[in-house]
Structures are given as structure tokens and as C-alpha cells.
Amino acid sequence: MNMLRNNWRRIVLFLIAIGMVMLALSGYLTSTMESLIDPVIQLQTWVSERVQIIYEFFTIPRDVVSLRSENQSLQNQVSLLQTQIIQLEQDLREADILYSLLGFARGRPEETYIAAKVIGRDPSPFLQYILIDKGSDDGIAYNMPVVTEKGLVGRVDAVTASAARVQLITDNAALVNSKIVGEDIDGVVRGSVTSDITIEMVSQEYTIEPGQTVQTSGLGGNYPADITIGTILNVNKLENELFQSASLQPSEDFMNLTAVLVVANFRPSNIAPLMP
Amino acid sequence: MLEVLSAFPVMVIAGIFQATVFSRIHILNGSADLILLIIIAWSLNPNTSFSWSWAVSGAIIMTYLSAIPFYGYFLIYGIVWLFILFLKTFFWQMPLILMLLVTIFGSLISAGISYGILNFSVNTIDFNLALTQIIIPSLTLNLLLAIPVYGLLNDLASAICRRKDVE
């Protein structure tokens, strides 16, 4: 009894503690606890944010430098890859052109070809010439015919050791003996200062129509026979003229020539001494 | 001396640009003549004294690149150079407006001589066709290119010929 009287405070505290635990376990103290804990959490959040800000203040500049250097390195890599993509695309285009030229060369096994790149055009707007990167050192000679897989391009006009100048069939002074495919009709294809080509000297007794294909005839010995020149666009036939003519759509786009084939084993005939 | 020595390398570079870039840039069938513009801009600069070497170098390069007979470009650039020499006796300053004036004159001389040479030596060319499809478009392109070329060459001429003044 004496012991109970001496420890009554402890017993009361113990009972209160037990009561609090029981209340907490039964859920009656949840709202009270939340209202007590929330300010603590808010305070902790506020302190944590400030600490984070101070930490970043000292550490982020270093990160920016490292990020910048990483970004620079990645940008360099992207530039390098883009350059490689462009180079590969260019190689692919060149390969396509060369495959086409190879296909054409295989289709005409009787002729030997020298492939050449187009490296420039004549600076004079009055003339239609191109410069190629093969010359006499590679076997190119004066007057050799020049073709692509699409058709006739022209003939070699001047040669140096490592380059040559080619007169296109669209040049004002170019003349090519030609024929209309499927018909026994001969004519002469002539260029102009505006790069348009026409077939002239076609006899009035024949009927020519748009869409017909024009090829080299081989007459005169300047070009091999049966190389496509273009297709007929418009026919110009006047009753009071000796011959009819027609404008042609060239088979090759001469503004975008990148590679050509020089017919190496064709030797043009010089018929000038036989002319009256 | 540096002026003479620098003429050929500059003209070789200009010739490469002419054959690869400017010959492909067309208005109708006309194209710009970069070499002509360089010769005009260089000759108009009041500090230059050996501009004839630039005209000769330009003519050599163009004769190599073009199928025009060899005397053609010597004649064209020679006449333009003489015209500028004539102008220099009347004008002590060479403003941009004179560059445009000489560009018009030079383009017409160039077109006229090219037309004449080809008309006589190769084939008859329809003048109206040449005028509308080549001469006027080429003149337009030359005028468009004249201002940047003048700016560039004027600075280059001043830089190269300043050394001569110091000496």
C-alpha cells in the first residue's frame, strides 16, 4: 500500500501511455498526429530545399561546364556523322551513275569506254562545252565520241595530258548525222545557242511524228551508229520548203551531267579530202 | 611586284570557280563572267599600277577553259582594260557607280566580240535570240555580281598595293 502511494505518478503516466497507444492503434489519434507532424514536415521540406539550393549553387557550375563539354563533343560527333552521311550519299549517287554507265557499256561490248568525271563547263554562254578529268595520258584523243547510258553527249574537241574539252551536241556548231528509229529517214541534228536541238534536212516525202526516237546514223563516220539522241517534240513542215525539221527533246540532261563515257576504240573518219 | 605575282594565282582560283560554279548559274542561257568582273574591279582601283597583268592572266585562263578562239578573250579583256585606262585619265576617284558602268560596257563588249567571232568562224547566230537569251541575262548576272566582287577586290587591291606605297 505504501509502495502504491509512493509510485502513483508513475502508474498514472504508465496508464496514460497505455491509453495513448491504444487510442493511436485504434485510429482515434490520426488527425491529431497529422496536425502535429505536418508543420514538422513542412519545415523539413523548406530546410531541405534551401540546402539543395545552396548545394546546387556550389556544384552546378561545374556540371554546366561538364555538360557543355559533353554537348560540344556530341555536336562534333553529329557534325562528323552528317559529313559522313553526305559523303556516303554522294558516293551512292556516283555509284548509281557508274552502274548505269557500266550497264550501257556491257550492252555494247564491241566498244571500249573510258569513264570520266565532268569537272566544269565552258565559261562562254554562247558555247556548250564541258570539261572532263581524263586526257591524253588516259587514252583520250581528238574527236572521240562521248556518251552516257542515256545517249549521245558529244565529241572530244580539245585534249591536254590530264583533261579534255567536249563539244556537246547542243552546241551551236554541233552537227550529227542521224536517223529516226523504225523508219528509213535520215537527217542532221543541229544544236543552237539556246541549247535546243533540232533534226533538219529531213525529206518532205516522209511523215515524222512527235514521240519518235532519233539515233545516230553513223553516216559520215563521226559517231558510232545507233546511239540515242532524243525524241521528237514538234514537227515543222512547210510545203514551200525543200526539207522539214523537228525540235528534239534530248535524252540526256546536259545541265546535270556528272560522268560520261568516252568511246575509246572509235576512230572518226576524215572524209574532208573526199569532199568536192 | 606583288601585284603582278598575285595576278595568276587569283585568276586560277577565279577560273576554277568560273568553270565549276558560275557557268552553272543561269538566267535563261546567260551566265556571269567572274574573270571580267575581277579585271574591272582591280583595274578601277586607284592604287593598282600593273592591272594589265591581271587582264593578261585572266585571258590566258579563259582561253584555256573556253572553246572561243585564243585571241577572243585577249581582245575582250584588252579593250575593257584600255577603256578603264581611258576612264582613269578623267576620274581621279573610282566609285562603285563606275564599276557598274564598266560592267555594262565590258559585258556588251564581251558578248559583241564572242557573237562576232562565232558568227564569222562557226555558224550564223540569230541576233535577237542571242540578245534576249544570252546577252541581256548575262549582263544582269554580271551586274548582280559586280557589287560583291568590287567590295572584295577593292579590299584585296588596297591590301596588296599598300605595301608598294610603304616601299
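Residues numbered from 1 in each chain as written. Chains lettered and ligands numbered in written order. Predicted model: local features only at pLDDT ≥ 70, side-chain atom pairs only at ≥ 80, totals over all residues.

Undergrad: Could you clarify how one ought to interpret the sheet that holds strand S2 (residues 129–132) of chain A in this entry?
TA: Strands in a sheet are paired, the pairing made by backbone hydrogen bonds, and the direction either parallel or antiparallel. Residues and elements named next belong to chain A. Taking strand neighbours around the barrel as the criterion, the six strands line up as S1-S2-S5-S4-S3-S12 in a closed arrangement whose pairing is antiparallel. On average, each strand axis in the sheet is inclined to that of its neighbour by 45°, with strand direction left out of account. When strand S3 (residues 145–147) meets strand S4 (residues 152–159), the two strands line up antiparallel, connected through three bridges. Residue Val146 lies in a different strand from S4, and its bridge partner there is Gly154. (Pairing = 2+ DSSP bridges. Helix = DSSP H or I, 4+ residues; strand = E, 2+ residues; numbered from the N terminus. Axes fitted to C-alpha atoms, helices over the stretch in contact; angles between N-to-C directions.)

Undergrad: What should I look at first to understand the nonpolar core in this one?
TA: In summary, soluble globular proteins display a tendency toward joint burial of nonpolar side chains. With 89 residues, the main nonpolar core has Ile38, Ile39, Ile40 and Ala41 of chain B as its most contacted residues. Each residue touching Ile39 of chain B, except ones within four places of it in the same chain, is listed here: Trp54, Ala55, Gly58, Tyr77, Val80 and Trp81 of chain B. (Core = buried A, V, L, I, M, F, W, Y, C linked by C-beta atoms within 7 Å. Buried ≥ 20, exposed ≤ 12 C-beta atoms within 10 Å, placed from the backbone. Contact = placed C-beta atoms within 7 Å.)

Undergrad: So what exactly am I meant to see when it comes to helix H4 (residues 70–88) of chain B here?
TA: Quick reminder: α-helices carry 3.6 residues per turn. Residues three or four places apart thus point the same way. All names here are of chain B. End to end, H4 covers 28 Å across 19 residues, agreeing with the expected 27 Å (1.5 Å per residue, within 8%). Within H4, burial applies to Gly72, Tyr73, Ile76, Tyr77, Val80, Trp81 and Ile84. Take H4 and look down its axis: the buried residues cluster within an arc of 145°, on one side only. Of the residues in H4, the exposed ones pointing more than 90 degrees away from the buried face are Leu85 and Phe86. (Expected span 1.5 Å × (residues − 1). Arc of directions from axis to C-beta.)

Undergrad: Just checking my understanding: could you explain unusual backbone geometry for this structure?
TA: Glycine aside, a negative phi is what most residues show, and trans is what most peptide bonds show. Residue and element names in this part refer to chain A. Although it is not a glycine, Asn143 sits at a positive phi angle of roughly 75°. Within the fold, Asn143 resides in the loop between S2 and S3. Phi at Met201 is positive, roughly 60°, even though this residue is not glycine.

Undergrad: Can you help me understand the domain arrangement of chain A in this one?
TA: Interfaces are often sized by the accessible area lost when the parts come together. Residue and element names in this part refer to chain A. Per the domain assignment, the segments of chain A are domain 1 (1–107) and domain 2 (115–268). Taken together, the contacts link seven residues of domain 1 with six residues of domain 2. Of the residues contributing to the side of domain 1 that touches domain 2, the split by class is five nonpolar, two polar and no charged. (Domains from an automatic or database assignment. Nonpolar A, V, L, I, M, F, W, Y, C, P; charged D, E, K, R; others polar.)

Undergrad: Can you help me understand the sheet that holds strand S6 (residues 175–180) of chain A in this one?
TA: All names here are of chain A. One closed barrel accounts for six strands, arranged S6-S7-S8-S11-S10-S9; its pairing is antiparallel. Ignoring strand direction, the axes of neighbouring strands in this sheet form an average angle of 40°. Judged from the six bridges that link them, S6 and strand S7 (residues 185–190) form a sheet pairing that is antiparallel. Its bridge partner being in S7, Asn177 is matched across the sheet by Val188.

Undergrad: Please clarify how the interface of chain A and chain B should be interpreted in this entry.
TA: If you look at the interface, chain A gives 17 residues, while chain B gives 25 residues. At the level of elements, strand S1 (113–121) and S2 of chain A are the ones that each hand at least two residues to the side of chain A that touches chain B. Tallied by class, residues from the side of chain A that touches chain B come to eight nonpolar, five polar and four charged.

Undergrad: Just to check I follow, could you spell out the pairing of strand S5 (residues 164–168) of chain A for this structure?
TA: Consecutive residues of a regular strand have side chains that alternate between opposite faces of the sheet. Residue and element names in this part refer to chain A. For S5, a buried count of five out of five residues is recorded, marking the element as mostly surrounded by other parts of the structure. The alternating pattern of S5 places Ala164, Val166 and Leu168 and Arg165 and Gln167 on opposite faces, both of which are buried. In this structure, S2 lies alongside S5, joined through four bridges in antiparallel fashion. Residue pairing across strands places Ile130 opposite Val166, the latter belonging to S5. Bridge count between S4 and S5: five bridges; the pairing is antiparallel. Its bridge partner being in S5, Ala158 is matched across the sheet by Arg165. Hairpin connection, S4 to S5: the antiparallel pair is bridged by four residues.

Undergrad: What am I meant to see in the environment of Ser53 of chain B here?
TA: Residues and elements named next belong to chain B. Note that Ser53 resides in helix H3 (residues 51–65). Overall, Ser53 belongs to the partly exposed group, with 18 C-beta atoms counted inside 10 Å. In sequence terms Ser53 and Leu5 are 48 residues apart; their C-alpha atoms lie 8.7 Å from each other. Here Ser53 is in contact with Val4 and Ala7, once residues within four sequence places are set aside.

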